[in-house]
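# Results of the structural survey
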Amino acid sequence: MKRLAILTLAFFGTCALCFAQGGATGALEGTLQDKSGATVPGAEVVIIDQVHGNQMRSITADANGNFTALLLPVGTYTIEVKAKGFADTKMEGIEVRVT
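Below you will find a few notes about this structure.

Rules and cut-offs
- Residues numbered from 1 in each chain as written.
- Predicted model: local features only at pLDDT ≥ 70, side-chain atom pairs only at ≥ 80, totals over all residues.
- Heavy atoms only, no water.
- Salt bridge = Lys/Arg side-chain N within 4 Å of Asp/Glu carboxyl O.
- Helix = DSSP H or I, 4+ residues; strand = E, 2+ residues; numbered from the N terminus.
- Buried < 20%, exposed > 50% of the residue type's maximum accessible area, 1.4 Å probe, protein only.
- Core = buried A, V, L, I, M, F, W, Y, C linked by side-chain atoms within 4.5 Å.
- Contact = heavy atoms within 4.5 Å.
- Pairing = 2+ DSSP bridges.
- Axes fitted to C-alpha atoms, helices over the stretch in contact; angles between N-to-C directions.

One pass over the structure, following the stated rule, counts two salt bridges. The residue Lys90 makes a salt bridge to Glu80 at a minimum N-O spacing of 4.0 Å. Of this pair, Lys90 sits in strand β7 (residues 89-96) while Glu80 sits in strand β6 (residues 75-82), placing them 10 residues apart in sequence. The class of Lys90 is exposed, set by a relative accessible area of 52%. With a shortest N-O distance of 3.9 Å, Glu92 and Lys90 are connected by a salt bridge. Pair check on accessibility: Glu92 and Lys90 agree, each one exposed. Salt bridges here are not isolated pairs; linked through shared partners, they connect Glu80, Lys90 and Glu92.

Below is the structure:
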């Protein structure tokens, strides 16, 4: 089974006030690529909030392998990626902070 690489993974936080949550939020975005650098479209990206009760959000990468998760509470996350024909990939300890 091929390994999936999560490359050009970017994290950023904003100071925007989210009235529903009453605090700062950030976002997580990235591009999914295999070892050869080819993008991986349609992969499932599961984002797990390690600080706020292991809440999960599942999104699907677009046709170019890009994904974006907005309005994430500031904290620590685990990212799990699943794509047909690839071994599952997991990254832990991803920080979303306000800068």
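There's plenty left to go through after this.
Ranked by size, the top nonpolar core spans 18 residues in total, and within it Leu28, Leu32, Ala43, Val45 and Ile47 carry the most contacts. Among the elements of the structure, β2 (23-34), β3 (44-49), β5 (66-73), β6 and β7 are those that each provide at least two residues to this core. In this structure, Val45 is in contact with Leu32, Arg57, Ser58, Ile59, Phe67, Ile79, Glu80 and Val81, ignoring residues within four places of it in sequence.

Turning our eyes to something else, we now look at the environment of Asn54. As for its position among the elements, Asn54 is in the loop between β3 and β4 (56-60). Note: C-alpha distance between Asn54 and Tyr77 (23 residues apart in sequence) is 8.7 Å. Once residues lying within four places of it in the same chain are set aside, the contact partners of Asn54 are Ile48 and Asp49.

We now examine the sheet that holds β6. Taken together, four strands build an open sheet; the order of strands is β4-β3-β6-β7 and the sheet is antiparallel. Of all strands in the sheet, those bounded by a partner on one side alone are β4 and β7. Direction aside, neighbouring strands of the sheet carry axes that sit 25° apart on average. Direction of pairing for β3 relative to β4: antiparallel, over a ladder of five bridges. When the bridges of β4 are listed, Val46 appears paired with Ser58.

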